[in-house]
Amino acid sequence: MSADAGSRKWFIALTTMLGTFIEVLDTSVANVALPHMRGTYAVGTDEITWVITSYLVANAVILPLTGFLGSYFSRKRVYILCLALFTLASYGSGMAPTLGFLIAMRVLQGLAGGAMVPMSQAILLESFPKEEHGKAMAVFGVGAVFAPVLGPLVGGWITDNWSWPWIFYINVPVGVLAAGLAWVFIDDPPYLHRPEGPVDYPSFFFVAVGLGSLEVMLNRGERYDWFASGFVRWFAALAAAGLLLFLWRSFTAERPLIDLSVFRDRSFAASTALMFAAAFSLYGIFTFVPLFVQNLKGYTATWAGVILSPGGVGTLVTIGAAGMLVGRVDNRALIAAGLLIQGWAAGLLACATLDAGLSYFARALFLHGLGIGLFFVPLSAAMARNLPPEKMGLATALFNLMRNEGGSIGIALSSTLLSQRTQFHHLRLGERISSLDPSVGEFLGKTGDVLLKASGLDPVSSSHAASGLLYGEVLRQSATQAFLDVFLALGLVLVVVFLLLFFLGGKSEGPAALHGPLDRPGRLG
């Protein structure tokens, strides 16, 4: 490889990392700013959460189609167009005059950004030789894994110190820089040809309806009490119908939109399943640790973001080392080490108390970050190990789709578990509190006396206030125990992921693994 080629691949790495970073950052950066947005537009909680839902729905719809779009329109053109649209939509989101306009811009952001991430990964894997895929995935991991950790920190700090539109404006210079670099350094590979024959529009319709409906159901299910709501049942039915029809079409159409034969490769199928399952815990911890410290420990949005930052530092520590070790050490050993360290971190979080300080959470999340770096890089390299170059765009799209959907399902199930366990612990604690219990009577009496002297309330009011304080503490302890149950469940998920590791092959099977009786000439890849 010439010196020019060697330096070019690193410019390509920088370009794709920037695009990935701003896209993944926007999946979490807006969460902490929702209360401020709600005040700006004078709307309720139910309406403002569509700012998040619309982005996730658009992301899910476009992800599986990016391999086809890159082949049909030229990957370089589509990638630069996505960067331009994402940058434009970011500016539009910041200056949105109405909530409806903001949601429209978020949909555009989701469509453009969802296509950018798998194309970034495919471009990187194609730009580096097989023996350097670990290094390539380490660079990609900086954007794909570090950005969700940084999102709440950036969003919280900007919201508290500037104003919420700036969480979108900061994308503009980065997007412009990435688009310029992409124009100069990225080229389409020679094997990328426009597919012949008509486009399989029914598959496009089925996958869009199926994944879009699934994302709406997952994002809104807890709010509407899941299947007790007709709204959720309708979207569940649409999701099931759309995905089943898409699978039927993929296996029966002469030229299906998405070639699912890549799942014939054991390494790709196992890596995708591992990523899907691990995303339950990965996204769950990113989501529920900030909620725990904000709701129960009174942290501000900025400090809720700060508490995640040690995880980002941990990831940066191991992600480079993992990139160097891929190809020298069995991928399964690195992945197993990453899972064990993440499980250790989840165990620490499951043992937290309300007295735990910032250092306790920093230690747990630093460990979690160390595990993520060791897990993500070798898993991404294993995913691409046996794939021929012409399948790379499709494979990375499906891999990232499974990561996103696993995270969405994990957050939805964790939210439901949190609600149910809060009710469970509230009932259990409530059963133990009785006015006939001497210790309860002593607490109410002493607290009432303190309130009577300190606030000047009459005896009856001070007694009611003491009862209110006791009830509030019961709610607080119930919620605490429920959060700890969620962290424990997220740790147990990693045990299941560890068992899936045995299905991940240790040696390359070669591109021939993808060819078999189900492959048809002319299939899109």
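Residues numbered from 1 in each chain as written. Predicted model: local features only at pLDDT ≥ 70, side-chain atom pairs only at ≥ 80, totals over all residues. Heavy atoms only, no water.

**Re the overall build of the protein chain**
Quick reminder of the rule: Put simply, DSSP marks the helices as runs of H or I at least four residues long and the strands as runs of E at least two long, and each gets a number from the N terminus on. Any pair of residues with heavy atoms lying within 4.5 Å of one another is described as a contacting pair. Each accessible area is a Shrake-Rupley estimate made with a 1.4 Å probe; only the visible protein chains count as cover when residues are assessed.
Scanning the protein chain for helices and strands turns up 21 helices and 0 strands. A separation of at least 24 residues holds for 84% of the contacts in the protein chain among residues at least 6 apart in sequence. If you sum the accessible surface of the protein chain, you get close to 21700 Å²; carbon and sulfur atoms cover 69% of it.

**Examining helix α6 (residues 75-94)**
To be explicit about the condition: Here the expected length of a helix is defined as 1.5 Å per residue gap, with one fewer gap than residues. Remark: exposure states derive from per-residue accessible area (1.4 Å probe, protein chains only) relative to the maximum for the residue type, with buried under 20%, exposed over 50%, and partly exposed in between.
The end-to-end C-alpha distance of α6, which contains 20 residues, comes to 28 Å, matching closely the 28 Å that a straight helix rising 1.5 Å per residue would cover. With 14 of its 20 residues buried, α6 lies for the most part within the structure.

**What to know about the side chain of Asn400**
Checked against the element boundaries, Asn400 lands in helix α19 (residues 392-431). Contacts of Asn400, omitting those with residues within four sequence positions, involve Leu63, Val117, Pro118, Gln121 and Phe140.

**Quick look at helix α4 (residues 50-62)**
Under the 1.5 Å per step criterion, the end-to-end length of α4 is 18 Å for 13 residues, consistent within 8% with the ideal 18 Å. Every buried residue of α4 is listed here: Val51, Ile52, Thr53, Ser54, Tyr55, Val57, Ala58, Asn59, Ala60, Val61 and Ile62.

**Observations regarding the packing of α6 against helix α7 (residues 99-127)**
Convention followed: Only the stretch in contact is used when a helix axis is fitted, and all axes are lines through C-alpha atoms; the angle between N-to-C directions ranges over 0 to 180 degrees. Should the near helix be turned anticlockwise from the far one by less than a right angle, the crossing is left-handed, and should it be turned clockwise, the crossing is right-handed. For this classification, the nonpolar set comprises Ala, Val, Leu, Ile, Met, Phe, Trp, Tyr, Cys and Pro, the charged set comprises Asp, Glu, Lys and Arg, and every other residue, Gly included, is treated as polar.
Where α6 contacts α7, the two axes come as close as 8 Å, and the packing angle between them is 145 degrees. Here α6 runs over α7; the crossing is left-handed. Class assignment of the residues belonging to the contact of α6 with α7 gives a composition of 17 nonpolar, 6 polar and 3 charged.

**Comments concerning the pattern of salt bridges**
Rule in force here: Put simply, a salt bridge is a Lys or Arg side-chain nitrogen that is within 4 Å of an Asp or Glu carboxyl oxygen.
Counting across every chain of the model gives 3 salt bridges. Between Lys76 and Asp187 there is a salt bridge, with the nearest N and O atoms lying 3.8 Å from each other. Here the residue Lys76 occupies a position in helix α6, and Asp187 occupies one in the loop between α11 (171-185) and α12 (201-220), the gap between them amounting to 111 residues. With a relative accessible area of 17%, Lys76 lands in the buried category. The partner of Asp485 in a salt bridge is Arg421, with the nearest N and O atoms 2.8 Å apart. Residue Asp485 is located in helix α21 (residues 459-500), and its partner Arg421 is located in helix α19; the two are separated by 64 residues in the primary sequence. Residue Arg421 is classed as partly exposed on the basis of its relative accessible area of 27%.

**What about the packing of aromatic side chains?**
To describe a pair of aromatic rings, one takes the distance between the centres and the angle between the planes. The cut-off we apply is this: The criterion for an aromatic pair is that two Phe, Tyr or Trp rings (for Trp, the six-membered ring) have centres within 6.5 Å, with stacked assigned to planes under 30 degrees apart, edge-to-face to planes over 60 apart and tilted to the rest.
The final tally for this structure, using the stated rule, is 15 aromatic pairs. Ring centres of Phe483 and Phe487 lie 6.5 Å apart, and the angle between their planes is 35 degrees; on these two criteria the pair is classed as tilted. Residue Phe483 and its partner Phe487 are both found in helix α21; the two are separated by 4 residues, about one turn of the helix. Relative accessible area serves as the criterion here: at 1%, Phe487 is assigned to the buried category. Three or more aromatic residues link up through ring pairs in this structure, and these residues are Phe288, Phe292, Tyr360, Phe361, Phe483 and Phe487.

**Observations regarding the nonpolar core**
Note the cut-off: The definition of a nonpolar core used throughout is a set of buried Ala, Val, Leu, Ile, Met, Phe, Trp, Tyr and Cys residues joined through side-chain atoms within 4.5 Å.
If you look at the biggest cluster of nonpolar residues, it comprises 102 residues, and the most contacted ones within it are Met37, Tyr79, Leu102, Ile167, Ile258, Phe375 and Met383. Per-element accounting of this core gives the leading share, 11 residues, to α7. The residues touching Tyr79, leaving out its near neighbours within four places in the chain, are Thr15, Thr16, Gly19, Met116, Met119, Ser120, Ile123, Ala182 and Ile186. One finds Leu365, Leu367, Ala479 and Val486 within the second-largest nonpolar core, a separate group that totals 32 residues.

**Description of the environment of Arg476**
With respect to the helices, strands and loops of the structure, Arg476 is situated in helix α21. Taking the C-alpha atoms as reference, Arg476 lies 9.4 Å from Thr422; in sequence the two are 54 residues apart. Contact partners of Arg476, with chain neighbours within four places excluded, come to Leu296 and Leu354.

**Here we look at a nonpolar patch on the surface**
Operational definition: Put simply, a patch holds well-exposed residues, over 30% relative accessible area, that have no salt bridge, with like charges counted together within 9 Å and Val, Leu, Ile, Met, Phe, Trp or Tyr side chains within 5 Å.
A surface patch of nonpolar side chains, about 660 Å² in accessible area, is lined by Leu488, Leu492, Val495, Leu499, Phe502 and Phe503. Within the element layout of this structure, Phe503 appears in the segment after α21. Classification of Phe503 by relative accessible area gives exposed; the value is 55%.

**Focus: the packing of helix α14 (residues 266-297) against helix α18 (residues 358-384)**
Note the cut-off: For this classification, under 35 degrees means roughly parallel, over 145 means roughly antiparallel, 65 to 115 means roughly perpendicular, and everything else is oblique.
Their axes nearest at 10 Å, the elements α14 and α18 cross at an angle of 160 degrees. Comparing their axes, α18 and α14 come out roughly antiparallel. When the axes of α14 and α18 are compared, the crossing they make is left-handed. For the contact of α14 with α18, a count of residues per class yields 18 nonpolar, 3 polar and 1 charged.

**A short note on the confidence of the model for the protein chain**
Let me state the cut-off plainly: Per-residue confidence from the predictor is reported as pLDDT, which spans 0 to 100.
Considering every residue of the protein chain, the mean pLDDT works out to 78; 82% of them sit at 70 or more. Per-residue pLDDT stays below 50 along residues 507-525; that stretch engages in 46 contacts with residues further than four places along the chain or on separate chains.

**Here we look at the environment of Ser414**
Quick note on the threshold: Here a polar contact is taken to be a pair of N or O atoms separated by no more than 3.5 Å, where protein atoms must pair a possible hydrogen donor with a possible acceptor and residues adjacent in sequence count only if both atoms sit in side chains.
Here Ser414 is to be found in helix α19. The spacing of Ser414 and Ile285 is 129 residues in sequence and 9.7 Å in space, taken between C-alpha atoms. Of note is the side chain of Ser414, whose polar atom sits 2.8 Å from the backbone oxygen of Gly410.

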